[in-house]
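# A look at the structure
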Amino acid sequence: MTTRIPYIRWCGAVRCGGASSLHKKVDRLVAGQSRVLTPSISVAVTKPLHFQSDVQQRRFFTSPAVNNYTKLLSDDLVVRSFSSTAGDVATSKRDDTNQQIISNAESGDITSAQELLTKMHADAISQNDSDQFADIDSYTAIMNGLIDQQTQLISSIGEEMNEIASDLNATMPNRLSSESNEKGTAKVMTLTEMANDLLIQMEDISGVSDRYSSMRGNVAHELRNANILPTSHHYDLAITSFVNAATVARDTNYSSPATNNAPYVAQRWLQRMETLAFDPYSGVSPSVDSYYHVMEAYASLGNGAAAIPANKNRAPILAQAVYDKLKENTNLIPTVREHRLLIRAWSNSTCKEAAYKAMGLWMNMLRLFRAGDEEMEPRLEDGKMVLEAWSRAINKHSARRAQTVLNAMEKLVSHKKTEVRPDLDCYKYVLIAMSRSKVPDVGANVIDLFNTMEEDRIFPDTACFDAAIETFKNCSRRAKLEESETYANAAEMMLKRMEREHDRSSVSAVLPSSTTYTNVILALAVRKTQKAAITADGLLQKMEQKYAEGNEAMKPTRDSYVGVIHAYGNSGAESSFIHANEVFQRMMTQHSNGNEAVKPDISAYHALIRACSRASMNDSASTEQQRQALVLAIATIQEMKKSDLNRPNSKTYLLLLQCCIQLLPSGAERAKALRSIFRSCCKDGLIDQQVLNEFQSVVSTDVYHNEVVHAAHDYNGVKALPESWTRNLGYRVRTQTEDGVSKRNPIISVTGEVIASTAYNDHRMRRRWSKVNKKLLQGGRM
């Protein structure tokens, strides 16, 4: 009979028996223990024993050596079993705690989960055992739970904001809801800070902070556990939390240092991801979503009523910088989502180049769409944002750029590449851009736009008509004489069309206002005909009538009356100055009746004086009428002197000099009147270059020498006017005195040139030296 002796391991590595799989497991188990079995005896067996009979086998196993080995082996297994059981218990407890953290986080009890995580963290540090830290799944569950809670809060805040918007008259509920929204926003920011702290803790424990700077500044302990290494998902969660805080703060107009700083912290986490992406063992790399969320956070800086004005310009610049970094990443490709976000950011900005940037992104989307990328198809909202940006832009090319975008949108429809048609807002933004333009012929395309709208069954609203009329008004004032007549007629015809649209229905979306009528009046004032002046006066009387009936939208303004006065002054009709004076008196009466919008200013008085001076334009005007016009002009200035608000200035006396020149024939009487006006101007201290040059051009050399040169004094070798003649010009210049640099009244030579003092020249040069752009220096050091 052959019997194999069981597997035996002694201190001398004596082996007896077969090497079965069970024996190998036992060998690995023993090899993993720190305690080595060291019996005091040794059995010299080099090969398996074979027993010839049962008696021989019993004798061997009952021998003292085998009995001692069996006893020692039994004791050692008991000790090892006890140690293994204790370790298993600790591991099981840690696993149970991690599982409880995950369960609490998934059920929404973030507070309990956070407390358990904090306790495990404290126990690990106190016991100096890195295995006691919570595992990475616990951190992931808590961060996911924080984002879920943020989403729920943001949804609740959005519902309350919709209720506020739908019930504007409920002041008390609105106030309470606003306070609740502010508290909700603060709670969202608190959850963001919790997610941020968790990610920092993961970096500190895993050792990321050892290789890179810690977001906290310093690491509080030296325990490390590489199993808690954060992944891209954790960084994206932290970035998302900061984006949520920034966007909800924008929507609720809530501002705090934490929410204002949220986009910048989000970018710091994105930069950490970019740094870790260079380490192939980190497993971390930013995705397109990572860049998009940071761009979204920056875009929120410039929106909302609580946005800092400087952020409106800074927000798109920062978002554009993140987008440029995304384009530099060779592994990622920007999507249509990033394009639309940037278009929105630039469209909301007040930067000088904002409209250019938004249009460039839109044109890039259009180019990619035409190249076959269906995802890049521009939506109607994209084009409207670009057009709105151009309608606000202060640029002489804004109208032309807006028309370019609109034409591109129309071509896409005509070529059947898209079903997105321009709507009323698109045409309205283009018309507004045209109304803000200073290009003389920008109004040439207005009628074409209205015809296109009519073909597409788009009905213009009040804003479209107002913008078109304002465009015609501006063109009539800037274009050449023959073209200005055309634009003035177009403004009048557009008003009639607007009134027809209004009369078609009592619920019409077209409603003329005082602004509409005033723009037409100002356009008619350019036509220089008696018919245009009568038409303008008729519009003004219509405004007065409707305002008297209680229509506040038709309240006349100062520009309305000044425009009619100019229309009469430019008409060249007989007794036009009398009609202009009648309009001026109606203006004074309207103001005395309580209409503050027609409060006369110095431009109204100047318009009446100018109307008087043009009474000589009519060949049929008698000498007596011209004298009446001059008397009216002088009476107007006397009335101005009695006023506390509309005192005469240099331009007033210049107009009176021109009035005297136009209405009085050349001779002693006119020279006497001119001297009287000039002396009055000197007495009031209002002599400037224009007044002096006008007086010099119409009087004789002897008169000018007696009135001006005799009274002049020397200043640095130049004949200059007395300082009292220029004391009320409204500005003072620097000059050098014995006590140093001081200010004095402007110094004008008898030839009408302003004399710059040495101190003033030095001051100008110092200001130029202080400029960053040294190219402004002319003749100075570069």
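Quick notes on the rules
Residues numbered from 1 in each chain as written. Predicted model: local features only at pLDDT ≥ 70, side-chain atom pairs only at ≥ 80, totals over all residues. Heavy atoms only, no water. Helix = DSSP H or I, 4+ residues; strand = E, 2+ residues; numbered from the N terminus. Buried < 20%, exposed > 50% of the residue type's maximum accessible area, 1.4 Å probe, protein only. Contact = heavy atoms within 4.5 Å. Areas by Shrake-Rupley, 256 points an atom, 1.4 Å probe, with all protein chains shown as cover. Axes fitted to C-alpha atoms, helices over the stretch in contact; angles between N-to-C directions. Parallel < 35°, antiparallel > 145°, perpendicular 65-115°, else oblique. Left-handed = near helix turned anticlockwise from the far one by under 90°. Nonpolar A, V, L, I, M, F, W, Y, C, P; charged D, E, K, R; others polar. Phe/Tyr/Trp six-rings, centres within 6.5 Å; stacked < 30°, edge-to-face > 60°. Lys NZ or Arg CZ within 6 Å of the ring centre and 35° of its normal. Salt bridge = Lys/Arg side-chain N within 4 Å of Asp/Glu carboxyl O. Polar contact = N/O pair within 3.5 Å; in protein donor to acceptor, adjacent residues only side chain to side chain. Expected span 1.5 Å × (residues − 1). Disulfide = S-S within 2.5 Å. Arc of directions from axis to C-beta. pLDDT = per-residue confidence, 0-100.

Another point: the overall build of the chain. Of the regular secondary structure elements, the chain holds 30 helices and four strands. By the burial criterion, 46% of the 782 residues in the chain qualify as buried. Taking as baseline every contact in the chain between residues at least 6 positions apart, the subset at least 24 positions apart corresponds to 66%. For the chain, the computed accessible surface area is about 40900 Å², with 50% contributed by carbon and sulfur atoms.

This brings us to the packing of helix α9 (residues 257–276) against helix α10 (residues 288–299). In a packed pair of helices, the relevant descriptors are the angle between the two axes and the axis-to-axis distance. Two numbers describe how α9 lies on α10: the axes approach to 9 Å, and their chain directions differ by 160 degrees. Here α9 lies roughly antiparallel to α10, going by the angle between them. Our pair here, α9 against α10, has a crossing hand that is left-handed. On α10, the residues touching P263, Y264, A266, Q267, L270, M273 and E274 of α9 are S290, Y291, V294, A297 and Y298. Considering only residue class, the contact of α9 with α10 consists of nine nonpolar, two polar and one charged.

On to the packing of aromatic side chains, then. This model, assessed by the stated rule, comprises nine aromatic pairs. With centroids separated by 5.1 Å and ring planes inclined at 65 degrees, the aromatic side chains of F584 and Y605 adopt a geometry described as edge-to-face. In this pair, F584 is assigned in helix α23 (residues 576–592) and Y605 in helix α24 (residues 602–613), connecting sequence segments 21 residues apart. Measuring from ring centre to ring centre gives 6.3 Å for F695 and Y704, while their planes differ by 40 degrees; the resulting arrangement is tilted. Note on F695: relative accessible area 0%, which makes it buried. Residue Y704 is classed as buried on the basis of its relative accessible area of 8%. Joined through ring pairs, the aromatic side chains of F678, F695, Y704 and W725 make up one cluster. A cation sits over an aromatic face here: R337 above Y292, 4.0 Å from the ring centre.

What follows concerns the pattern of salt bridges. Under the defined criterion, the tally for this structure stands at 23 salt bridges. Between E203 and R272 there is a salt bridge, with the nearest N and O atoms lying 2.7 Å from each other. Note that E203 is positioned in helix α6 (residues 171–206) and R272 in helix α9, a separation of 69 residues in sequence. Assigned by exposure class, E203 and R272 land together as buried.

All right, on to the environment of L540 then. Position of L540 among the secondary structure elements: in helix α21 (residues 530–548). Exposure remark for L540: the relative accessible area of 0% places this residue in the buried category. A C-alpha to C-alpha distance of 7.7 Å links L540 and V564, two positions 24 residues apart in sequence.

Running from N to C, helix α28 (residues 689–698) and helix α29 (residues 701–709) cross one another at 150 degrees; their axes reach a closest spacing of 8 Å. If you check the angle between α28 and α29, you find them roughly antiparallel. At the point where α28 passes α29, the crossing takes the right-handed sense. Between α28 and α29, the contacting residues are L692, F695 and Q696 on the first element and V703, Y704, E707 and V708 on the second. Of the residues that constitute the contact of α28 with α29, the class distribution is five nonpolar, one polar and one charged.

Turning next to unusual backbone geometry. Phi is positive for N253, close to 55 degrees, though the residue is something other than glycine. Positionally, N253 belongs in the loop between α8 (232–251) and α9. The exposure class assigned to N253 is partly exposed, which follows from its relative accessible area of 39%. A positive phi angle, near 60 degrees, is found at K528, a position not held by glycine. Here K528 shows up in the loop between α20 (514–524) and α21.

Relative to the assigned elements, S514 resides in helix α20. Of note is the side chain of S514, whose polar atom sits 3.3 Å from the backbone oxygen of K555. Setting aside chain neighbours within four positions, we find S514 in contact with M543, A553, M554 and K555.

As a further point, take α24. With twelve residues, α24 should cover 16 Å at 1.5 Å per step; its first-to-last C-alpha distance of 17 Å lies within 8% of that length. Along α24, ten of the twelve residues are buried, which leaves the element largely enclosed by surrounding structure. Inspection of α24 places A604, Y605, H606, A607, L608, I609, R610, A611, C612 and S613 among the buried residues, and these make up the whole buried set. The inward-facing, buried residues of α24 abut α22 (558–571), α23, α25 (623–642) and α26 (650–663).

This part covers the state of the cysteines. If you walk through the whole model with that rule in mind, you get zero disulfides. No disulfide involves C659; its sulfur sits 5.7 Å from the nearest other cysteine sulfur, which is in C612.

Position of S650 relative to the elements: it lies in helix α26. With a relative accessible area of 10%, S650 lands in the buried category. Not counting the four nearest positions on each side in its chain, S650 is found in contact with L686, D688, V691 and L729.

A separate point is helix α13 (residues 354–370). Compared with an ideal rise of 1.5 Å per residue, which puts 17 residues at 24 Å, α13 spans 24 Å between its outermost C-alpha atoms and is within 8% of the ideal. Of all the residues in α13, the buried ones are A354, A355, A358, M359, L361, W362, M365, L366 and F369. Buried residues along α13 cover an arc of 160 degrees about the axis, so they all sit on one side. G372 sits one or two positions beyond α13 and adopts a positive phi of about 120 degrees.

Time to look at the confidence of the model for the chain. When pLDDT is averaged across the chain, the result is 83; 79% of the residues are at 70 or more. Of all the helices and strands in the chain, helix α1 (residues 21–31) carries the lowest mean pLDDT, 39, while helix α16 (residues 424–435) carries the highest, 96. Overall, residues 1–48 carries pLDDT values under 50, and its contacts beyond four positions in sequence, including any with other chains, amount to 57 contacts. In the predicted structure, residues 776–782 sits below a pLDDT of 50 and forms eleven contacts with residues beyond four places in sequence or in another chain.

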